[in-house]
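# Structural features, examined
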Amino acid sequence: MNREDELALLRDLQDRAARLLDSRDALMSGQYHHLHGRITSLIAILTSTPQERTFLRENDHAETDGPRGPDHGSGVGPG
Amino acid sequence: MDFLRSSPLLAGLAAMSQPELQALQLAKIRAQMERLWQTSPFYRAKWQQAGVTPDQIRSLDDFRKRVPTVNKQDFLQDQTDHPPFGGRLGIRREDVALVTLTGGTSGQGQEVYGRSQHDIAIQGHMHYLPWFMAGLRPGHMALNCVPAGGMTTGGWGPAEGFRLAGATAFHAGGTLGTEAKIDLLLRFNELHFIYASTNYLHTLTQAFLRRGIVPAERFPMLAGIQIAAEGYPSEWARDTQKLWGCALHEGYGSTQGAGFIATTCDQGIVREDRDRGIMRILEWMNYAEVIDPDTGNPVGPGEEGEIVLTNLDIEGSPVIRFATRDKARWFPAEVCGGGLPWAGIEAGSIGRYDDMMKVRGNNIWPLAVDTVVFARPEVAEYVGRVYVDAEGKTEVELRLAVKPDACTAEARPALFEALRETLKARTNVWMKITEVPLTELPQFTYKARRWTDERKSGYRPGAAP
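Residues numbered from 1 in each chain as written. Chains lettered and ligands numbered in written order. Predicted model: local features only at pLDDT ≥ 70, side-chain atom pairs only at ≥ 80, totals over all residues.

Let us look at the overall build of chain A. Scanning chain A for helices and strands turns up three helices and zero strands. Going from N to C terminus, chain A has its helices and strands arranged as α-α-α. Taking all 79 residues of chain A together, 14% fall into the buried category. At a minimum sequence separation of 6, the contacts of chain A that also span at least 24 residues come to 43%. (Helix = DSSP H or I, 4+ residues; strand = E, 2+ residues; numbered from the N terminus. Buried ≥ 20, exposed ≤ 12 C-beta atoms within 10 Å, placed from the backbone. Contact = placed C-beta atoms within 7 Å.)

Before going further, it helps to spend a moment on the interface of chain A and chain B. Facing the nine residues of chain A at the interface are twelve residues of chain B. Taken together, the residues of the side of chain A that touches chain B break down into three nonpolar, five polar and one charged. (Nonpolar A, V, L, I, M, F, W, Y, C, P; charged D, E, K, R; others polar.)

So, on to the nonpolar core. All names here are of chain B. With 92 residues, the main nonpolar core has Leu136, Ala196 and Ala262 as its most contacted residues. With seven residues, the top contributor of residues to this core is helix 7 (residues 117-133). When near neighbours in sequence (up to four residues on either side) are disregarded, Leu136 contacts Trp131, Ala142, Ala165, Ala167, Phe193, Ala223 and Gly224. Counting residues in hydrophobic clusters, the runner-up holds 16 residues, among them Val372, Val396, Leu398 and Met431. (Core = buried A, V, L, I, M, F, W, Y, C linked by C-beta atoms within 7 Å.)

Turning our eyes to something else, we now look at the pairing of strand 6 (residues 224-228) of chain B. Taken residue by residue, a regular strand's side chains alternate between the two faces of the sheet. All names here are of chain B. A large share of strand 6 lies buried, amounting to five of its five residues. Neither face of strand 6 is exposed, since Gly224, Gln226 and Ala228 on one face and Ile225 and Ile227 on the opposite face are all buried. Of the pairings in the sheet, the one linking strand 5 (residues 193-197) to strand 6 comprises five bridges and is parallel in character. Looking at the pairing, Phe193 lines up with Gly224 of strand 6. The sheet contact formed by strand 6 and strand 7 (residues 248-254) spans three bridges and is parallel. When the bridges of strand 7 are listed, Ile225 appears paired with Leu248. Running through helix 12 (residues 234-244), the crossover from strand 6 to the neighbouring parallel element strand 7 is right-handed. (Pairing = 2+ DSSP bridges. Right-handed = clockwise from strand over helix to strand, strands pointing away.)

Residue and element names in this part refer to chain B. Taken in spatial order, the four strands make up an open sheet running 19-18-17-20, and their pairing is mixed. Each edge of the open sheet carries a strand with a single partner, namely strand 19 (432-435) and strand 20 (451-453). Strand-to-strand twist in this sheet, taken as the mean axis angle between neighbours without regard to direction, amounts to 20°. The sheet contact formed by strand 18 (residues 394-402) and strand 19 spans four bridges and is parallel. Among the inter-strand pairings, Leu398 is bridged to a residue of strand 19, identified as Ile433. (Axes fitted to C-alpha atoms, helices over the stretch in contact; angles between N-to-C directions.)

Let us look at unusual backbone geometry. All names here are of chain B. Geometrically, the link from Pro83 to Pro84 is a cis peptide bond, its omega value of -5° lying close to zero. By the secondary structure assignment, Pro84 is in the loop between helix 6 (72-81) and strand 1 (98-101). Of note, the phi angle at Asn189 is positive, near 70°, even though the residue is not glycine. Relative to the assigned elements, Asn189 resides in the loop between helix 9 (178-188) and strand 5. Under the C-beta neighbour-count criterion, Asn189 is labelled exposed, with 10 such atoms within 10 Å.

Turning next to the packing of helix 1 (residues 3-20) of chain A against helix 2 (residues 26-46) of chain A. Residues and elements named next belong to chain A. Helix 2 packs onto helix 1 with a crossing angle of 155° between their chain directions and a minimal axis gap of 9 Å. Here helix 1 lies roughly antiparallel to helix 2, going by the angle between them. The element helix 1 and its partner helix 2 pack so that their crossing is left-handed. Here Arg3, Glu6, Leu7, Leu10, Arg11, Leu13, Gln14, Ala17, Ala18 and Leu20 of helix 1 lie close against helix 2, whose contacting residues are Tyr32, Leu35, His36, Ile39, Thr40, Leu42, Ile43 and Leu46. Counted by class, the contact of helix 1 with helix 2 contains twelve nonpolar, three polar and three charged residues. (Parallel < 35°, antiparallel > 145°, perpendicular 65-115°, else oblique. Left-handed = near helix turned anticlockwise from the far one by under 90°.)

Let us look at the domain arrangement of chain B. Residues and elements named next belong to chain B. The domains assigned to chain B are domain 1 (1-354) and domain 2 (362-458). On a C-alpha basis, the centroid separation for the pair domain 1 and domain 2 is 32 Å. Between domain 1 and domain 2, the contact holds ten residues from the first and 16 residues from the second. Tallied by class, the residues present in the side of domain 1 that touches domain 2 amount to one nonpolar, nine polar and no charged. (Domains from an automatic or database assignment.)

Residue and element names in this part refer to chain B. If you check which residues of helix 6 are buried, you get Phe75, Asp78 and Gln79. Along the long axis of helix 6, the arc covered by the buried residues comes to 100°, so they all point the same way. Pointing more than 90 degrees away from the buried face of helix 6 are the exposed residues Gln73, Thr80 and Asp81. Turning to helix 6, the residues buried within the fold contact helix 4 (41-49) and strand 2 (112-115). (Arc of directions from axis to C-beta.)

Quick look at the confidence of the model for chain A now. Residue and element names in this part refer to chain A. Overall, the predicted model of chain A reaches an average pLDDT of 76, with 62% of residues at or above 70. The spread of mean pLDDT over the elements of chain A runs between helix 3 (residues 50-59), the lowest at 64, and helix 1, the highest at 96. In the model, residues 61-79 has pLDDT below 50 throughout and makes 14 contacts with residues more than four positions away in sequence or in other chains. (pLDDT = per-residue confidence, 0-100.)

Residues and elements named next belong to chain B. Within strand 8 (residues 259-264), six of the six residues are buried, which leaves the element mostly enclosed by the surrounding structure. Two elements, strand 7 and strand 8, share four bridges in a ladder whose sense is antiparallel. Across the sheet, residue Ser254 finds its bridge partner in strand 8, namely Gly259. Where strand 8 lies against strand 9 (residues 278-281), three bridges are found, and the strand directions are antiparallel. Across the sheet, residue Ala262 finds its bridge partner in strand 9, namely Ile281.

Printed below as a string of structure tokens:
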């Protein structure tokens, strides 16, 4: 499986996990948010390289105008 | 019950009949045994020795009668023979994502547990689950007074539990002093949940009162408080609950359980219908038997017995019929009330079959202290006591006599300080040493009973510091 396939699979999981966020089970809802956060964080990590940014810019204009990684411009991030 | 209304999953588990629950437990036990038969030389050898194979276990009765118990000594020997995790690990070494140890204060050695990614999430769930039943909800402001991190399950499980809960948690235990914690809470102005040892909740309560603050008035939004690790008098529980204005809950857990094994339901530890509350066994994730340690038979309603534990959902270093040496009073589901199918154990009175004492979350075995103290030839005798001081803090005092002419008066402070340092290193507890003449100490002719635990009468409800 190459990087693009991994990313596509994670995107698919992200969409599916997002549906769990509407759970009416309060015991599970925090855990579903946790799961969703894990998936979005993996997508952020995978899209942190310049190559991935290029890939995203070329293939994903509808969803983002730039990298989907963490916004380090906020001043929050590893020092 | 609010937790049933808030969770269809728990409502479904609560609606199970006893036969349905037992069938679920049996299916999980069978799956564990079949997996461990293939992956754990330790359990396979134990079961072969007992002449039992997983396919012969067709009922919980078969499991109780045919599968042998295991204990701490078995685990320590296994680790010595097959370091570091022993043959009981049951998963690939490369799949161990978290290593936890028991306290190591027994003087016998530390049990090593290797947990997988799956187990870390289960461990978190098994901390969150009782807190959820106690009122914690996603988005709640929560104060974790138990030190986070380190090598113990109690260090990692709560942090993971609060993370899974989606709670806004402050892991202040071991990081901030009591006054700093109070400053923090006052600054944030909102608090829904507290997790603390029994002793620490008392310390926190008294510190609030010293500032002239009644917690119930300052934090009327509090949904629940969960305590663990130490017993208490029921009067203390009633008074403390009044001061905080929310239900006090208690959980019973251990490293072997990878989290909580039993917890009070929404009724909490203070009940109108009985002196002490009941902790419901989380039976769909643990199989906890309470047996007569002499006969191995299950105890009857209201009787005391030893807790024998089996993990139903842990895959790394699982325990299968682990004899905990913990002593508990057992109640069947129908006695516990509320119509739930889960059996229970009495809150506030978990004891030990050996002489271990819980002090501020640390396990203290008198033998471990004996080993340190009597390693110094200058010491003639000592007695130890665990008590609650005027500020509500649990303290340990050794009243110790030095042999005549074995140590000069000038050398004694250094001797006592060296003992304190070594005791702290071995038990994780600072102990106060008071020198007394040998004539003030009792003579132990047969089995020495050097220790007294004064805590059950030591928490003084509402006492001014």
